Amino acid sequence: MPAIIDLLIKTFGKDHLLTHDEAADRVASNWRQHENLDCLALLRPKTTEQISKMLQICNEFDQPVVPHGGLTNVVGGVATKPGEIALSLERMNQIEEINVQDKTVTVQAGVVLSDLQKALADQGQHFPLDLGAKGTCMIGGNIASNAGGLQALRYGVMRNLVLGLEVVLADGTIISSMNKMMKNNAGYDLKQLFIGSEGTLGIITRAVLKMEDLPKTRCTAFIALESFEKAVQLLQYAKKHLNNGLTSFELLWQDYYTLMTSSPSPYSPPLSQTFPFYVLMETHGQDAEKDKILFEEFLEKSLEEGLIADAAIAQSQQELDWFWGIRENVELVFSVHSTVFLFDVSLAISDMDAYIKKIRTELQNIWPDLHFYSFGHMGDGNLHLFVSCGDDEASTKHLVEEIIYKPLQQIDGSITGEHGIGLEKKSWLHLSRTAEEIQLMKTIKKAFDPKGILNRGKLFS
Ligand SMILES: Cc1cc2nc3c(=O)[nH]c(=O)nc-3n(C[C@H](O)[C@H](O)[C@H](O)COP(=O)(O)OP(=O)(O)OC[C@H]3O[C@@H](n4cnc5c(N)ncnc54)[C@H](O)[C@@H]3O)c2cc1C
């Protein structure tokens, strides 16, 4: 047994470590669960102090460590090599304090997102991060990935929802920055460096998060549109006329809507499949009577003025699940097509239509039988693209990536709006960041983790 494993077991006891063979029963990733974990060992700390000591030891041994949250990352961010140690936050899953008066909640990093949402809902409170992986992803992973999700339009991304953080650096130093204040300009806002750092700068152990009153109303509609331009107008109209209640504005191109509402999908189409665009729109509010009336009036007016072609309002929890299932059940794409490349680009709303037309045409010119699906958080300027062109050869993937990523540079877009860089997008980072920005990122990495033990080889080489 390697000396470091002996030392870790002696220091923390066997209960805190799974050996290579024990860890091999687990999946390597909860996204496409194809492979089992193949690591040197998996650490399962219960406290920040244990993580500090574990990292001290790993740093002394120059031992690479991969932080593991809920393992729902889709860009290889949690990929763990045979010689690497995985450090799972799964046992640090306590909600420490819910402060209704100050609207803050203090959590350990291993709390599962949906568990936090349920615990807060019991107290009439709401943590407004919502994503398809909510039943598995953890707050630490959400912070490390600066998760966005389905309500970012109204409440912002994780970066806007974190007030304070506790982090352990690679050498074991504990940085406690558990700020609870909205305003604090005493020096650099260090927490922002760790948010979205993809486990490369430190292990996030605890956080202070903002919360909201639980919305009393949720109005949701599927809307059919004749053109992209109408979707842009509808978004502007909704922002103006829905009393700041607009929470989600998800655009689905016809291909995706049709796929998600045809066999073998469990979902029937709430609206005919003949329209080029569909919007799934939702508002949150506090006034049960007025919100519903406002929402219905808004849709009626949009119909009268020719902004929208048709609409269906969800009338029950069952219909809410149906509507959101159509948008969220992306696994279906993978069950229908054997090889699929997934993208999450960001760009100005005004560039979206032309961009999608351009890359669709270029891809179809090379692969005439291609399947191309586009949909996503239009209101946030962030789209998901699924491309299936028949094989998953590295050269095919590279060519598809080139077609999708390169035009983004000319329009000041980003190769990733949510999922991050991980391993998958490392070689394209230069399209979204200048050489000087990347150099500064490397300088920060070196200062925080001189031996490069944390998520070695992720984000940049
Ligand atoms: C079905 C599905 C839907 C999704 N929808 C969205 C969406 O709408 N919006 C969105 O933004 N993302 C989405 N994702 C991606 C993913 O769920 C998010 O990135 C999520 O925030 C990851 O959380 P996690 O706990 O699973 O982190 P993991 O996958 O475990 O880790 C993510 C990264 O953070 C690091 N990390 C994990 N925990 C810590 C920690 N405590 N300290 C330091 N580093 C850590 C890991 O090393 C890795 O690099 C989706 C994924 C799936 C499978």
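See the structure printed just above.
Heads up: these notes are all about the structure in this document. (Residues numbered from 1 in each chain as written. Predicted model: local features only at pLDDT ≥ 70, side-chain atom pairs only at ≥ 80, totals over all residues. Heavy atoms only, no water.)

The ligand sits among 33 residues. The nearest are Pro67, Gly70, Leu71, Thr72 and Met138. With respect to the ligand, the backbone of Asn73 contributes an N or O atom lying 2.8 Å from an oxygen atom. Between the ligand and Glu418 there is a distance of 3.0 Å, counted from a nitrogen atom to a side-chain nitrogen or oxygen. With the chains in place, 94% of the 970 Å² that the ligand exposes on its own is no longer accessible. Tallying contributions element by element places helix α5 (residues 139–144) first for the shell around the ligand, with four residues. (Near = heavy atom within 4 Å. Polar contact = N/O pair within 3.5 Å; in protein donor to acceptor, adjacent residues only side chain to side chain. Areas by Shrake-Rupley, 256 points an atom, 1.4 Å probe, with all protein chains shown as cover. Helix = DSSP H or I, 4+ residues; strand = E, 2+ residues; numbered from the N terminus.)

Right, let's talk about the sheet that holds strand β8 (residues 162–168) for a bit. Here we have five strands laid out as an open sheet, ordered β5-β6-β10-β8-β9, and antiparallel in their pairing. Two strands lie at the open edges of the sheet, namely β5 (95–99) and β9 (174–177), each paired on one side alone. Within this sheet the neighbouring strands show an average axis-to-axis angle of 10 degrees, counted without direction. The sheet contact formed by strand β6 (residues 104–108) and strand β10 (residues 203–210) spans five bridges and is antiparallel. When the sheet's bridge partners are listed, Thr106 is paired in β10 with Val208. (Pairing = 2+ DSSP bridges. Axes fitted to C-alpha atoms, helices over the stretch in contact; angles between N-to-C directions.)

Below, the discussion takes up the packing of aromatic side chains. By the definition in use, this model includes 16 aromatic pairs. Seen from their ring centres, Phe222 and Tyr257 are 5.6 Å apart, and the 65 degrees between their planes marks the pair as edge-to-face. One end of the pair, Phe222, is in strand β12 (residues 217–225); the other, Tyr257, is in helix α10 (residues 254–260), with 35 residues separating them in the sequence. Ring centres 3.7 Å apart and planes at 15 degrees place the aromatic pair Tyr257 and Tyr278 in the stacked group. Separated by 21 residues along the polypeptide, Tyr257 in helix α10 and Tyr278 in strand β14 (residues 277–285) bring together distant segments of the chain. One exposure class covers both Tyr257 and Tyr278, and it is buried. Taken together, the ring pairs connect Phe222, Tyr257, Phe275, Tyr278, Trp322 and Phe323 into an aromatic cluster. (Phe/Tyr/Trp six-rings, centres within 6.5 Å; stacked < 30°, edge-to-face > 60°. Buried < 20%, exposed > 50% of the residue type's maximum accessible area, 1.4 Å probe, protein only.)

What follows deals with the environment of Thr72. For Thr72, the position within the fold is in the loop between β3 (65–68) and β4 (85–88). In this structure the C-alpha to C-alpha distance between Thr72 and Phe275, which are 203 residues apart in sequence, comes to 33 Å. Beyond its immediate chain neighbours, meaning those up to four positions away, Thr72 contacts Asn30, Trp31, Ala133, Thr136 and Cys137. (Contact = heavy atoms within 4.5 Å.)

With that settled, consider the side chain of Arg44. Position of Arg44 relative to the elements: it lies in the loop between β2 (41–43) and α3 (48–60). Reaching out from Arg44, the side chain makes a polar contact with the backbone oxygen of Asp15 at a distance of 3.4 Å.

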